[in-house]
Amino acid sequence: MTDAAGRGNVVLVHGGFVDGSGWQGVYDALTADGYRVAVVQNPTLSLEGDVAATRQVIEGMPGPVTLVGHSYGGVVITEAGNHPKVNALVYIAAFAPDKGESVGTLIADPPPGAPVPPILPPADGFLFLDRDRFAASFAGDLPSAQAAFMADSQVPWGVDALGGAVSQPAWRTKRSWYLIATDDRMIPPPAQHAMSERIGARTVEVAASHSVYVSQPAAVADLVKQAADS
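Cut-offs and rules
Residues numbered from 1 in each chain as written. Predicted model: local features only at pLDDT ≥ 70, side-chain atom pairs only at ≥ 80, totals over all residues. Heavy atoms only, no water. Helix = DSSP H or I, 4+ residues; strand = E, 2+ residues; numbered from the N terminus. Rg over C-alpha atoms; globule rule 2.2 N^0.38 Å. Buried < 20%, exposed > 50% of the residue type's maximum accessible area, 1.4 Å probe, protein only. Contact = heavy atoms within 4.5 Å. Lys, Arg positive; Asp, Glu negative; His and termini not counted. Charge placed at Lys NZ, Arg CZ, Asp CG, Glu CD. Pairing = 2+ DSSP bridges. Phe/Tyr/Trp six-rings, centres within 6.5 Å; stacked < 30°, edge-to-face > 60°. Core = buried A, V, L, I, M, F, W, Y, C linked by side-chain atoms within 4.5 Å. Axes fitted to C-alpha atoms, helices over the stretch in contact; angles between N-to-C directions. Left-handed = near helix turned anticlockwise from the far one by under 90°. Expected span 1.5 Å × (residues − 1). Parallel < 35°, antiparallel > 145°, perpendicular 65-115°, else oblique. Nonpolar A, V, L, I, M, F, W, Y, C, P; charged D, E, K, R; others polar.

Colleague: Residues and numbers for the overall build of the chain, please.
Modeller: Assigned secondary structure in the chain consists of ten helices and eight strands. Against the 2.2 N^0.38 benchmark of 17 Å for 230 residues, the chain shows a C-alpha radius of gyration of 16 Å, consistent with a compact globule. With the C-alpha coordinates of the chain rotated into their principal frame, the extents come out at 50 × 35 × 30 Å. Counting all 230 residues of the chain, 52% fall into the buried class. Here the analysis covers contacts within the chain between residues at least 6 apart in sequence; of these, 71% occur between residues at least 24 apart. Of the charged side chains in the chain, 14 are positive and 23 negative, and the gap between their average positions amounts to 8 Å.

Colleague: Describe the pairing of strand β7 (residues 175–181), and please don't skip the residues or the numbers.
Modeller: Along β7, six of the seven residues are buried, which leaves the element largely enclosed by surrounding structure. Sheet topology note: the strand β4 (residues 86–92)/β7 ladder contains five bridges and is parallel. Residue pairing in the sheet places Leu-89 in a bridge with Ser-176 of β7. By the bridge criterion, five bridges tie β7 to strand β8 (residues 202–206) in an arrangement that is parallel. Bridge pairing in β8 places Trp-177 opposite Arg-202.

Colleague: Can you break down the packing of aromatic side chains residue by residue, with the values?
Modeller: One pass over the full model with this rule turns up five aromatic pairs. Considering the side-chain rings of Phe-134 and Phe-138, the 4.9 Å spacing of their centres and the 20° angle between planes classify their relative orientation as stacked. Placement of the pair is Phe-134 and Phe-138 together in helix α5 (residues 131–138), with a separation of four residues, close to one helical turn. The same class applies to Phe-134 and to Phe-138, which are both buried. An aromatic cluster is present here, built from Phe-17, Tyr-72 and Trp-157 joined pairwise through their rings.

Colleague: Got a sec to walk through the nonpolar core? Specific residues and values, please.
Modeller: Most often, soluble globular proteins keep nonpolar side chains buried together rather than apart. In this structure, Leu-67, Tyr-91, Ile-92, Val-212 and Val-220 are the most contacted members of the largest nonpolar core, which totals 73 residues. If sequence neighbours within four positions are ignored, Leu-67 has contacts with Val-11, Val-13, Thr-54, Ile-58, Ile-77, Ala-80, Gly-81, Val-86, Ala-88, Leu-89 and Val-90.

Colleague: Explain the sheet that holds β7 residue by residue, including any values.
Modeller: Strand pairing in a sheet is mediated by backbone hydrogen bonds. Such pairs are either parallel or antiparallel. With parallel pairing, the six strands of this open sheet are ordered in space as β2-β1-β3-β4-β7-β8. The open sheet has two free edges, formed respectively by β2 (35–40) and β8, since each of these has just one partner strand. Direction aside, neighbouring strands of the sheet carry axes that sit 20° apart on average. Pairing of strand β1 (residues 8–13) with β2 involves six bridges; the strand directions are parallel.

Colleague: Lay out the packing of helix α2 (residues 47–59) against helix α3 (residues 73–80) in plain terms, naming residues and giving numbers.
Modeller: Two elements in contact, α2 and α3, have axes whose closest approach is 9 Å; the angle formed by their N-to-C orientations is 65°. In the packing of α2 onto α3, the handedness of the crossing is right-handed. Residues Leu-47, Asp-50, Val-51, Thr-54, Arg-55 and Ile-58 of α2 form the contact with α3, whose participating residues are Val-75, Val-76, Glu-79 and Ala-80.

Colleague: Describe helix α10 (residues 217–229), naming the residues involved and giving the relevant values.
Modeller: The terminal C-alpha atoms of α10 lie 18 Å apart, and with 13 residues this matches the ideal 18 Å at 1.5 Å per residue to within 8%. Along α10, the positions that sit buried rather than exposed are Val-220, Ala-221, Leu-223, Val-224, Lys-225, Ala-227 and Ala-228.

Colleague: Give a description of the packing of α5 against helix α6 (residues 144–152) that names residues and reports values.
Modeller: Packing of α5 against α6 brings their axes to within 9 Å, and their N-to-C directions diverge by 125°. As judged from the angle between their axes, α5 and α6 are oblique. Between α5 and α6 the crossing geometry is right-handed. Of the residues in α6, those touching α5 at Arg-131, Phe-134, Ala-135 and Phe-138 are Ala-147, Ala-148, Met-150, Ala-151 and Asp-152. The residue inventory of the contact of α5 with α6, partitioned by class, reads seven nonpolar, no polar and two charged.

Structure follows, in structure tokens:
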């Protein structure tokens, strides 16, 4: 998926509770290899708003785009990936919903024994993770100081974003890749396996937490390159 601008164009979309700065390691690895990369800063108020923000970034790229999403960002790319510039989708420990599904529906019935994300009750229409349980659930393989910073700099995640349902899943018409984080305690690995199989993704497994894109940026960048170069 190369063009005159370089090896290709990549757009990175973050999930809930965090902002786009966590992509820096992946960004650095990709740009060092000649890819043009942009990071979406989702408002995280609603799925519709996040899709609109992502489409703006896609439209600003000079050619075909590989669209990458982490966690809730997978829902965003599933809808925004219908943009005609998008040639490939890459899910990084992400939700990959079908038509009519949302994060809310996908987490409504966890399998027995699966870890339950420590999401606090909504406050004024927004969600946060329990600060004291953030590291163990979201960032178990990051240095404790970094995980504490992430816990204390959480982005309020709108309840409307959690409930935003996909209307047209792009993976039905676009090629997809999926990275499963085998030590994830936010999205159970068996659920990641099931979603990756359902969408027919080319799949790799990495021994990492939900923050795999922060803890192992080289592995994430390698999968993105596979998608971008295919």
